[in-house]
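Listed below are the residues making up each chain.
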There are 2 protein chains.
Amino acid sequence: MPRYTAPVKDMQFLLHDVLKATETGIPGYAELERDFTAAILDEAGKLAESVLAPLNSVGDTEGCRLENGIVYTPTGFKEAFEQIKDGGWNGLDLPEEYGGQNLPYVIGTAVGEVFVSSNMAFNMYQGLTHGAINAILAAGTEEQKAKWLPKMVSLDWTGTMNLTEPHCGTDLGLIRTKAEPQDDGSYKITGQKIFISAGDHDMSENVIHLVLAKAPGGGEGTKGISLFIVPKFMVDDEGKIGARNAVSVGKIEEKMGIHGNATCVMNYDGATGYLIGELHKGMKAMFVMMNEARLGVGLQGYAQAEAAYQNALDYARDRLQGRAVTGAENPGGNADPLIVHPDIRRMLMDQKSFVEGARAFTFWGAHLIDRGHRLGDKEAEGLISLLTPVIKGFQTDIGFAMTVEAQQVYGGHGYIEEQGMSQFARDARIAMIYEGANGVQALDLVGRKLAAEGGKPAMAFFEMVKSFIKENEGNEALKAPFLEPLKAASKDLQAAMMFFMQQGMKNPNAALAGSSDFMHLFGHVCLGYMWALMAKASSEALAAGSADATFHETKIKTGRYYMARRLPATGMHLARILSGAEPVMALEAEAF
Amino acid sequence: MPRYTAPVKDMQFLLHDVLKATETGIPGYAELERDFTAAILDEAGKLAESVLAPLNSVGDTEGCRLENGIVYTPTGFKEAFEQIKDGGWNGLDLPEEYGGQNLPYVIGTAVGEVFVSSNMAFNMYQGLTHGAINAILAAGTEEQKAKWLPKMVSLDWTGTMNLTEPHCGTDLGLIRTKAEPQDDGSYKITGQKIFISAGDHDMSENVIHLVLAKAPGGGEGTKGISLFIVPKFMVDDEGKIGARNAVSVGKIEEKMGIHGNATCVMNYDGATGYLIGELHKGMKAMFVMMNEARLGVGLQGYAQAEAAYQNALDYARDRLQGRAVTGAENPGGNADPLIVHPDIRRMLMDQKSFVEGARAFTFWGAHLIDRGHRLGDKEAEGLISLLTPVIKGFQTDIGFAMTVEAQQVYGGHGYIEEQGMSQFARDARIAMIYEGANGVQALDLVGRKLAAEGGKPAMAFFEMVKSFIKENEGNEALKAPFLEPLKAASKDLQAAMMFFMQQGMKNPNAALAGSSDFMHLFGHVCLGYMWALMAKASSEALAAGSADATFHETKIKTGRYYMARRLPATGMHLARILSGAEPVMALEAEAF
């Protein structure tokens, strides 16, 4: 069975040596002292390692089952969920007013990674609740917040997002679910929603569905969409649970992975719903939920890669096979461990350098959100809005590829379900699809985010990278291995953007044909920048005589690997982008 | 349920317009007239489309089961296997002497693709038999051939390859299975073998296991290994089946995919075995089987991508979602089909250009084998020996990636097992692992094949590409879109080889650290070369007034896509290779 150990040391490095949390001046960050964050992360780690991780393969093997309209989660999930509840983990970064602890989002992110790495399917029950809470916080009235949030923060009730219908996913303008206004101000919701993660289960008293539906008078397309709260059980004014609402589970889907999470077909048969936010402006409220969810999915990408990597590393150290070409390294045994072989190293370094880079990117992104929320920093908001599709799309594409590489380290054993490596890949696969398939992320990036605010966030990004390079040019330890490749990669990114701008109006397909490559190019530049930041922090720590020199030397070597071996991908992506729309669009649809 | 249509037209194009089969002068190729090959491929296609493809998801869902020592295949497999037997498909390219039809290997390859695309797990029962037959043909005595081959060619008996043991896969020198010589010349085989594909089943009267084991006196490592025939049921001198041999199935593995094929733990408890080939030289005989098997696995890589692509294409044409950015293309409907979107096109073109390029590479490789076998062409033999790891490693890595892209076209529906797209990816995944994990292929390429015959085959490859470019430089239609990118990519490959040669002796890790990138770089150059060959054939057909202009124009456009959008990967691989061993090997094993 796979093991999992929470990477607390690496997280502490990011929070304190790289982000220098306590010095940022962001409200709430002052209390993030080393000991305090260590205590939280250790506690989360303990729970993840001893309770959640052992249930990961149980969830995969058993899956969820629907019996007489009731969804049953796998053995042990209910008890584990109680522990999450009892620990107050869900409320960590939620308002105290509703029972949360109001810690920064960056702490919620760190804890989230630990939970996702140990058991992604399980964590989704909580994760979707978190998203639903944020939508209610952003769009709900005070009464709605008071009614729904406390029980959701405590996880007595969980939440879901209901967007997709059988005939439409991305193109939500096509949805058919109807909302008929009732005399008491509520609505009757009728329609079918599919792919509803955590749609129903036996771990909470109630499930609060956030449902997109069309109310009369809203017009065509996405303009006519409103957002509704539809509880599984009705809730009275005192917060007491009443009768069953007219919402039911049609079936649980058989999926490639995340079997421990119930992906449901939800049928709404005149179910009572409550409008949340403005009528006909449901997409706006939904996007609040979506944006956080996208960051959470980007996190899933590298968190699964982390879990897979840890096991691949163990296997590479333990399994004896072949001899190092430079001479036996385990002369007492009849073979050397796999880790002596350069191609095994390559795979491990790919994984390690990606995971640590992506963790930095994600934590840094979370800190931008805190800057936005807690400081009202508009530039930070613009930047994270620009980078959200990169975090989601790039990190889940590469994260999945890394779980496949981790599986590859196991050879034939990686293909056997018992070893658990297949599950990491099968689970990670969904992250490339849900919350907007990665092609849609690329489209969002190129078609919307690049041009947002007249291109200000994109310019701010380049400025930031440029300034960093300039400020540190005198640092010889950084220059050749980090700053120069970063500069070159950043130039590739700018050249791609320039090409899009030149083509933009006259040939919009040129940008769209290169959108996915652009997202990857951008992702590599971001990770390159993160590695430069980390290398700087580690060289400073070494210069200051850090007691943990090995950690920092390893960090710098891992970064050098990323810069030398992963960053050259930017040139390939740029070449593809510059080839324009023509090769992509040359065929008539009939000619394929 | 996914559909499958045999790509007969494309195969005919390769056989007749590109390879110009009847003009090659290879014995047996003269009879490969268009009508003749069309008849074979149509017949194979019919069987694949109507019988094998519908069983693909049945095999995935039901899997195999072991009851009281007997392995049962999924519903319908037995009847389908009878049809394969009745059609004489297994003997297509096997000697007439043993009941085959002695057609060229290239025809067996084309038919093999059709069967693999429609049902990979099912086809493995036949595929492994084919490999075992080849090993017996190469290493067996006349008596052994006469005794075992006719029933294997007819598929009354099937074959297996037994190499892996629990503690060793790649490093066969470590195997522990023992062979004790008996007075009658036979051996008693004792040990456990794992991951034995088609290890047992209920579709044939007997299973003929080819087993690697150590007989006394052979010394350490791979030198002491011999190859044995171990039948499931004993066979007397008249070929009659007798008592059960002491070989049994320990269990069937639960795997990520190819559920329809029984992957068995085989226990040999003093089973009777017959030495095949020379004592202590079993590795040599095994490699005959392995080499063909590797080509077959390389074929699986693109054959699964083909099947997945066909369905992704259908879905992209049918599914209405969003509008083309350049204006509605389906104004009568409430949305346009997915195929109008550039990023969907990108994915489809990635798949199409890879599959058609890989098919050309594989058919061309098969024709080299025919040149070797039928003409005694040593240069062809050297070339295919060099390229076998490229066909296996590159095509299965990219083939898997393409099944993932095909799945991505489906969005959320791709993750649902019912749609069948997950199965293509899960099935294709094994091809990167078995018959030597792709890292081992890369090692074989860089550590052995490049230097073979003093580097003659590698030089011959470059010479061939160079001559082709030179001969066609005057052809303006080919020059910019095909010859120039091919030249650039080929230069990258040569630069990488030069780097290995310079580093070779003093730093063997430098070549090994770049081996996987080199394999991919080589693969891209090969596919680029194939696309240039195909583009030439298609422009000639167009110039000659081909009745099927659309086919040839599509072919050229697809090739231009490959050259413009896929070939730039060579630069990235070269940059990684040139960074050498240092970034890869910098960390101490303990520091990870």
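Residues numbered from 1 in each chain as written. Chains lettered and ligands numbered in written order. Predicted model: local features only at pLDDT ≥ 70, side-chain atom pairs only at ≥ 80, totals over all residues. Heavy atoms only, no water.

Looking at an unreviewed UniProt entry, chain A carries the name 3-methylmercaptopropionyl-CoA dehydrogenase, with the source organism given as Pararhodobacter aggregans. For the record of chain A, the UniProt heading Sequence similarities (unreviewed entry) holds the text "Belongs to the acyl-CoA dehydrogenase family." What UniProt records for chain A under Cofactor (unreviewed entry) is the sentence "FAD". (UniProt positions renumbered as here; feature names shortened; annotations may be inferred.)

Tell me about the interface of chain A and chain B, and name the residues and values.
Each side of the interface is counted separately: chain A has 93 residues, and chain B has 93 residues. With both sides pooled, the region where chain A packs onto chain B buries about 7,600 Å², and carbon together with sulfur makes up 60% of that total. Counting the surface chain A buries against chain B, the share from its top three residues, A:Tyr415, A:Arg565 and A:Phe592, is 12%. Across the contact surface, chain A and chain B share six salt bridges. One can count 47 residue pairs in polar contact (both at pLDDT 80 or more) joining chain A with chain B. With eight residues, the single largest contributor to the side of chain A that touches chain B is helix α16 (residues 549–566) of chain A. (Contact = heavy atoms within 4.5 Å. Buried area = accessible area lost by both parts, 1.4 Å probe. Salt bridge = Lys/Arg side-chain N within 4 Å of Asp/Glu carboxyl O. Polar contact = N/O pair within 3.5 Å; in protein donor to acceptor, adjacent residues only side chain to side chain. Helix = DSSP H or I, 4+ residues; strand = E, 2+ residues; numbered from the N terminus.)

Give me helix α6 (residues 142–153) of chain B: which residues, what numbers.
For the α-helix, the turn length of 3.6 residues means that residues three or four positions removed from each other point alike. Residue and element names in this part refer to chain B. In this model α6 runs 16 Å from its N-terminal to its C-terminal C-alpha over 12 residues, within 8% of the 16 Å that 1.5 Å per residue would give. Against α5 (120–139), β3 (157–162), β6 (206–214), β7 (225–231), β8 (233–235) and β11 (263–276) lie the buried residues of α6. The positive-phi residue at the C-terminal boundary of α6 is Leu155, with phi of around 70°. (Expected span 1.5 Å × (residues − 1).)

Residues and numbers for the packing of aromatic side chains, please.
Taken as a whole and judged by the stated rule, the model has 35 aromatic pairs over all chains. Three or more aromatic residues joined by ring pairs make a cluster, and in this case those are A:Phe461, A:Phe462, A:Phe499, A:Phe500, A:Phe518 and A:Phe522. Taking NZ or CZ as reference, A:Arg429 lies 5.7 Å from the ring centre of A:Phe400, over its face. The lysine or arginine in question, B:Lys147, covers the ring of B:Tyr274, its NZ or CZ lying 5.5 Å from the ring centre. (Phe/Tyr/Trp six-rings, centres within 6.5 Å; stacked < 30°, edge-to-face > 60°. Lys NZ or Arg CZ within 6 Å of the ring centre and 35° of its normal.)

Talk me through the relation of the copies chain A and chain B; I want residue IDs and the actual numbers.
Under the fitted operation, chain A is carried onto chain B by 0.0 Å of movement along the axis and a turn of 180°, and the coordinates agree to an RMSD of 0.0 Å. Expressed as an axis order, the relation between the two copies is that of a two-fold axis. Closest approach to the rotation axis among the C-alpha atoms of chain A is made by A:Met572, whose C-alpha sits 3.0 Å away. Of the interface residues in chain A, 100% have counterparts in chain B that sit at the interface too, so the contact is made through matching surfaces. (Least-squares fit on C-alpha atoms with pLDDT ≥ 70 in both.)

I'd like a description of the UniProt feature "domain: Acyl-CoA dehydrogenase/oxidase C-terminal" (unreviewed entry) in chain A, backed by residues and values.
With numbering matched to this structure, UniProt assigns "domain: Acyl-CoA dehydrogenase/oxidase C-terminal" (unreviewed entry) to residues 281–444 of chain A. Here residues 281–444 of chain A is 74% helix and 0% strand, with 19 Å between the C-alpha atoms at its ends.

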